[in-house]
Amino acid sequence: MEGKIAIVTGGGRGIGRGHCLELAKQGAKVVVNDFGGSSRGEGRGNAADDTVKLIQERGGEAVANYADVSSLEEAGELIGQAMSAFGGLDILVNNAGIARDAAVWKMTEEDFDRVIAVHVKGSWTTSHHAAKVWRDQAQAKGKSAGRIINTTSGAGLYGNFGQTNYATAKAALVGLTLTLSMELYKYGVTANCISPGGMTRITSSIPGFPPSFETNELPEGTWDRMDPGNSSPIVAWLASDEAQHVTGQVIHNVYDRIAWMKGWHVEKEMFSGEKAWKAEELSALMNGNLFGTRSIGISTAPTK
Ligand SMILES: NC(=O)c1ccc[n+]([C@@H]2O[C@H](COP(=O)([O-])OP(=O)(O)OC[C@H]3O[C@@H](n4cnc5c(N)ncnc54)[C@H](O)[C@@H]3O)[C@@H](O)[C@H]2O)c1
């Protein structure tokens, strides 16, 4: 990774900080982006500076950027800063995120829109600008070798109670990744998703989770397991030349487990024989042929 130039969005704390430190440790120059707001995405601050300081103290190179990635204009300035500060861009890690949990009947329109804006639009804006840079480079010089690593979550892969906004956003990131991988591979650019785990202020806001890591009340031995930097070596590997052949994939990691995730598949199918289906014939066939029974619990939803 020596000499590569990386952007990590939401790199001021939590999982994003872990990615910044790991990429810098592996020799990359890092643009640490963070708009520095609360876990709900309110206010702004200078969290990016803390990560930059840590990287510099460890002998690495980094600069801070305070863009709100949900703004196309600010995302453009972020990509521009990588070009002006370090002279290029090799790696884009879209990690910035917020949470505004509530059951669907209580969730406000603003809380839905803002979560989608930060996660989904905020990964599209940066990818849009980075893709232009890499496509231009590939057209001028033959090939480029860009890397996009998006951040999904168990909520997006399986659903999660109280997170219609967040789970929708995280599922959308898989669709974004699959499509980016198709559109950009011919330019040498890969796009993959990491589904990380780690105790951060986002997880400490989820009801039923252990107390905040900030209160230092985690049970003995929990920290290693929940260290927000645990998935960062996998991000570094995906960002490296070693992973040129890996694109459009989702990797789930918590602590010592790496799982290669695969999505929708055809469980069973039936054909009507060269004609469209009629509603009247479906009841028996759907229950009998597809689901196998009328009483199947098709929903996987918990009962809480
Ligand atoms: N913590 C987990 O267990 C877990 C699990 C799965 C996925 N994730 C995902 O990992 C990512 C990082 O989350 P975290 O747990 O480290 O939370 P965190 O709150 O500690 O870090 C998120 C960072 O993103 C920044 N950010 C938020 N909105 C931004 C914006 N519009 N522009 C720029 N920066 C912005 C925040 O200021 C914050 O520093 C998120 O995408 C989250 O959804 C986390």
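Remember, predicted model here, so these are calculated numbers, not experimental data.

A few words on the pattern of salt bridges. By the definition in use, this model includes 10 salt bridges. Between aspartate 68 and arginine 114 there is a salt bridge, with the nearest N and O atoms lying 3.0 Å from each other. Separated by 46 residues along the polypeptide, aspartate 68 in the loop between β3 (62-65) and α3 (72-86) and arginine 114 in helix α4 (residues 109-141) bring together distant segments of the chain. Between arginine 100 and glutamate 110 there is a salt bridge whose closest N-O contact spans 3.7 Å. Taken together, the residues span a long stretch of sequence, with arginine 100 in the loop between β4 (91-94) and α4 and glutamate 110 in helix α4 at a distance of 10 residues. Here arginine 100 falls in the buried class, since its relative accessible area comes to 3%. Residue glutamate 110 is classed as exposed on the basis of its relative accessible area, which comes to 54%.

Next up on the list: a nonpolar patch on the surface. A surface patch of nonpolar side chains, amounting to about 390 Å² of accessible area, comprises Val104, Trp105 and Phe161. Mapped onto the fold, valine 104 is located in the loop between β4 and α4. For valine 104, a relative accessible area of 53% corresponds to the exposed category.

A word on α3. An ideal rise of 1.5 Å per residue puts 21 Å on 15 residues; α3 measures up with 21 Å between its terminal C-alpha atoms. Among the residues making up α3, those that are buried are Ala75, Leu78, Ile79, Ala82 and Phe86. Down the axis of α3, the smallest arc covering the buried residues is 90°, so these residues share one side. For α3, the exposed residues set more than 90 degrees away from the buried face come down to Glu73 and Ser84. Its buried side turned inward, α3 meets β1 (5-8), β2 (29-33), β3 and α4. The first or second residue beyond α3 is glycine 87, which carries a positive phi of 85°.

This paragraph deals with the environment of aspartate 224. Tracing the chain through its elements places aspartate 224 in helix α7 (residues 222-226). Measuring from C-alpha to C-alpha, the distance between aspartate 224 and glycine 198 comes to 9.3 Å, with 26 residues separating the pair along the chain. Sequence-distant contacts of aspartate 224, that is, excluding residues within four places in its chain, are made with Asn230 and Tyr255.

Here is what the cut-offs are and how they apply
Residues numbered from 1 in each chain as written. Predicted model: local features only at pLDDT ≥ 70, side-chain atom pairs only at ≥ 80, totals over all residues. Heavy atoms only, no water. Salt bridge = Lys/Arg side-chain N within 4 Å of Asp/Glu carboxyl O. Helix = DSSP H or I, 4+ residues; strand = E, 2+ residues; numbered from the N terminus. Buried < 20%, exposed > 50% of the residue type's maximum accessible area, 1.4 Å probe, protein only. Patch = residues over 30% accessible without salt bridge, like charges linked within 9 Å, V, L, I, M, F, W, Y side chains within 5 Å. Areas by Shrake-Rupley, 256 points an atom, 1.4 Å probe, with all protein chains shown as cover. Expected span 1.5 Å × (residues − 1). Arc of directions from axis to C-beta. Contact = heavy atoms within 4.5 Å.

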